[in-house]
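Structural characterization, general
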Amino acid sequence: MPYCQQHYNEDSVLFKGAVVKSFLETEDGILHAHIEMPVRKHVCPHCGLTTSSVKDYRIQKIKDVDLVGKRLFVFLRKRRYYCAHCHKSFYEDNPLVGRYQRNTC
């Protein structure tokens, strides 16, 4: 039976600043953490104005370092914001991985 914990918050040591939605272990011993960043205003990289309008979401699978001897995969629910001024969209700031990266290390 997989282990599941739903009660994490922004003070989590592993994912500082992120909201952990769930943390579970699969039957084959792989840990899955489902996280997202809190909603906040972002500066549009195209025109420089601030926006908090969310356009859509995407799940990004990230391989993290092993935790207690088990593989850890982080599923980041990334937000894409929409700028009403210049009509462009862009992803939120992400402290876990850089652009086009799939590993934290």
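Here the structure is shown first, and the text comes after it.
The text that follows walks through the structure, step by step, so that each part is easy to find. Each chain has its residues counted from 1, following the order in which its sequence is written. At least 70 in pLDDT is required for a residue's local features to be given in this predicted model, at least 80 for side-chain atom pairs to be given and counted, and no such filter applies to totals for whole chains, interfaces and linings, which use all residues. Only hydrogens and water are set aside; all other atoms, that is, all heavy atoms of the structure, feed into the side-chain values.

1. Some points on the pairing of strand S7 (residues 70–82)
Bridging between strand S3 (residues 31–36) and S7 involves six bridges; their strand directions are parallel. Along S7, the bridge assignment pairs Glu36 with Arg77. Bridge count between strand S6 (residues 54–67) and S7: 11 bridges; the pairing is antiparallel. Bridge pairing in S7 links Tyr57 to Arg79. Linking S6 to S7, which pair antiparallel, is a turn of two residues; within it Val68 sits at a positive phi near 45°. At least two bridges found by DSSP between two strands are what make those strands a pair. In this text, helices come from DSSP runs of H or I with a minimum length of four residues, and strands from runs of E with a minimum of two, each type numbered from the N-terminal end. For S7 and strand S8 (residues 89–91), the ladder comprises three bridges, and the chain directions are antiparallel. The partner of Tyr82 across the bridge, within S8, is Ser89. Linkage of S7 to S8, two consecutive antiparallel strands, is achieved through a turn of six residues, within which His87 is found at a positive phi near 60°.

2. Let's talk about the state of the cysteines
By disulfide we mean two sulfur atoms from cysteines, separated by a distance within 2.5 Å. Throughout the structure, instances matching the rule amount to zero disulfides. No disulfide involves Cys44; its sulfur sits 3.6 Å from that of Cys86, the nearest cysteine. No disulfide involves Cys47; its sulfur sits 3.5 Å from the nearest other cysteine sulfur, which is in Cys83.

3. Concerning the packing of aromatic side chains
We call Phe, Tyr and Trp rings a pair once their centres come within 6.5 Å, taking the six-membered ring for Trp, and we label the pair stacked below 30 degrees between planes, edge-to-face above 60, and tilted otherwise. One pass over the full model with this rule turns up one aromatic pair. Between Tyr81 and Phe90, the aromatic rings sit 6.1 Å apart at their centres with planes inclined by 25°, giving stacked as the arrangement. Neither Tyr81 nor Phe90 differs from the other in exposure class; each is buried. The lysine or arginine in question, Arg77, covers the ring of Tyr57, its NZ or CZ lying 3.7 Å from the ring centre. The ring of Tyr91 has Lys78 lying over it, and the distance from NZ or CZ to the ring centre is 4.3 Å. Between buried and exposed lies partly exposed: a residue is buried under 20% and exposed over 50% of the maximum accessible area for its type, with that area taken using a 1.4 Å probe on protein chains only. For a lysine, the NZ atom is tested; for an arginine, the CZ atom; a charge sits over a ring if that atom is within 6 Å of the ring centre and within 35 degrees of the ring normal.

4. Notes on the nonpolar core
Ala18, Val20, Phe23, Leu31, Ala33, Ile35, Met37, Ile62, Leu72, Val74, Leu76 and Val97 form the largest nonpolar core, which has 12 residues in total. Contributions of two or more residues to this core are made by strand S2 (19–25), S3 and S7. Put simply, buried Ala, Val, Leu, Ile, Met, Phe, Trp, Tyr and Cys residues joined by side-chain atoms within 4.5 Å make one nonpolar core.

5. Thoughts on the pattern of salt bridges
Whenever a carboxyl oxygen of Asp or Glu lies within 4 Å of a side-chain nitrogen of Lys or Arg, that contact is scored as a salt bridge. Evaluation of the coordinates by the stated rule reveals seven salt bridges. The partner of Arg79 in a salt bridge is Glu92, and the shortest N-O contact between them spans 2.9 Å. Highlighted residues: Arg79 in strand S7 and Glu92 in the segment after S8, separated in sequence by 13 residues. Both residues of the pair, Arg79 and Glu92, belong to the buried class. Members of the salt-bridge network, linked through shared partners, are Lys21, Glu36, Arg77, Arg79 and Glu92.

These results come straight from atomic positions and should not be treated as a statement about function.
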